[in-house]
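# Working through the structure, step by step
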Amino acid sequence: MSRDAKAQVLTVALIAGVLAFIAWNQGAFSALSRSSGGDAGLLSFTKPKKVEPRDVIYAMLDAARDGVVNDYLDCYSGQMERMLRQSLEEMGSERFSDFLRERNRDIKGIAMNAPKKAGEEAEVRVEYVYADRNEVQEVYLSRISGDWKIARVSEIRRVETPVPYGTPVY
């Protein structure tokens, strides 16, 4: 094997190792699992746990942006979840998915305050940035079976911005 080929193999192996370490560090791999088919030792990919209140808000926003209904609903609990599931039943999965994407299409950015925690409850102030306005909402979360879930939200309030999003800065 030539010296260049050895260098290429080493580089690819190093990059693969770094990517695997990053994925492992972010919780992308679950423990080694054994399936009933006898595939012992295969790694299974799982969604990361929603460890912090902001994690579930980001997961909810990602699911809404992508129109992934089940992932979106998984972020909620209690009365909020029941209301959303009722809307899903009335609209149907495809229309509900379109509704989620449309509702989040114009969001340009998100800003969140640090959560205010009180035991198994948390409150996070979320500011949605649009091209022509900003909107603020408090999101109230509860810890359920180790994961944070959105229990309720406040009404959305419009916030006046002195410099609209996208304004050129000189």
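Going by the structure above, here's the rest.
Residues numbered from 1 in each chain as written. Predicted model: local features only at pLDDT ≥ 70, side-chain atom pairs only at ≥ 80, totals over all residues. Heavy atoms only, no water.

## As for the overall build of the protein
Keep this limit in mind: Here a strand is any run of E in DSSP of at least two residues, a helix any run of H or I of at least four, and the numbering for each starts at the N terminus. Each residue is assigned to one of three classes by its accessible area relative to the maximum for its type, calculated with a 1.4 Å probe on protein chains only: buried under 20%, partly exposed between the two thresholds, exposed over 50%. Contacts were defined at the residue level, with two residues in contact if any of their heavy atoms lie within 4.5 Å. The method behind every accessible area is Shrake-Rupley, applied with a 1.4 Å probe, and residues are considered shielded solely by the protein chains displayed.
On a plain count of helices and strands, the protein comes out with five helices and six strands. Helices and strands appear in the protein in the N-to-C order α-α-α-α-α-β-β-β-β-β-β. Out of the 170 residues in the protein, the part that is buried amounts to 27%. Pairs at least 24 residues apart make up 38% of the contacts formed inside the protein by residues separated by at least 6 positions. When the accessible surface of the protein is summed, it comes to about 11700 Å², and 54% of that surface belongs to carbon and sulfur atoms.

## Observations regarding the pattern of salt bridges
Condition: The salt bridge definition used is simple: a Lys or Arg side-chain nitrogen within 4 Å of an Asp or Glu carboxyl oxygen.
Under the criterion given, the structure shown has 13 salt bridges. Asp98 is paired through a salt bridge with Arg101; the nearest N and O atoms lie 2.7 Å apart. Here the residue Asp98 and the residue Arg101 both occupy positions in helix α5 (residues 93-104), the gap between them amounting to three residues, near one helical turn. Judged by its relative accessible area of 38%, Asp98 falls in the partly exposed class. One continuous salt-bridge network, built from bridges that share partners, spans Asp62, Arg65 and Asp66.

## Re the packing of aromatic side chains
The criterion, for reference: Side-chain rings of Phe, Tyr and Trp, where Trp is taken by its six-membered ring, are said to pair if the distance between their centres is within 6.5 Å; with planes under 30 degrees apart they count as stacked, over 60 as edge-to-face, and otherwise as tilted.
Taken as a whole and judged by the stated rule, the model has three aromatic pairs. Considering the side-chain rings of Tyr72 and Phe96, the 6.3 Å spacing of their centres and the 65 degrees angle between planes classify their relative orientation as edge-to-face. Of this pair, Tyr72 sits in helix α3 (residues 69-73) while Phe96 sits in helix α5, and the two are 24 residues apart along the sequence. No difference in accessibility class separates Tyr72 from Phe96, as the two residues are buried. Geometrically, the ring pair formed by Phe96 and Phe99 is tilted, given 6.2 Å between the ring centres and 40 degrees between the ring planes. Placement of both Phe96 and Phe99 in helix α5 is noted, with a separation of three residues, approximately one turn of the helix. According to the relative accessible area criterion, Phe96 is buried, its value standing at 1%.

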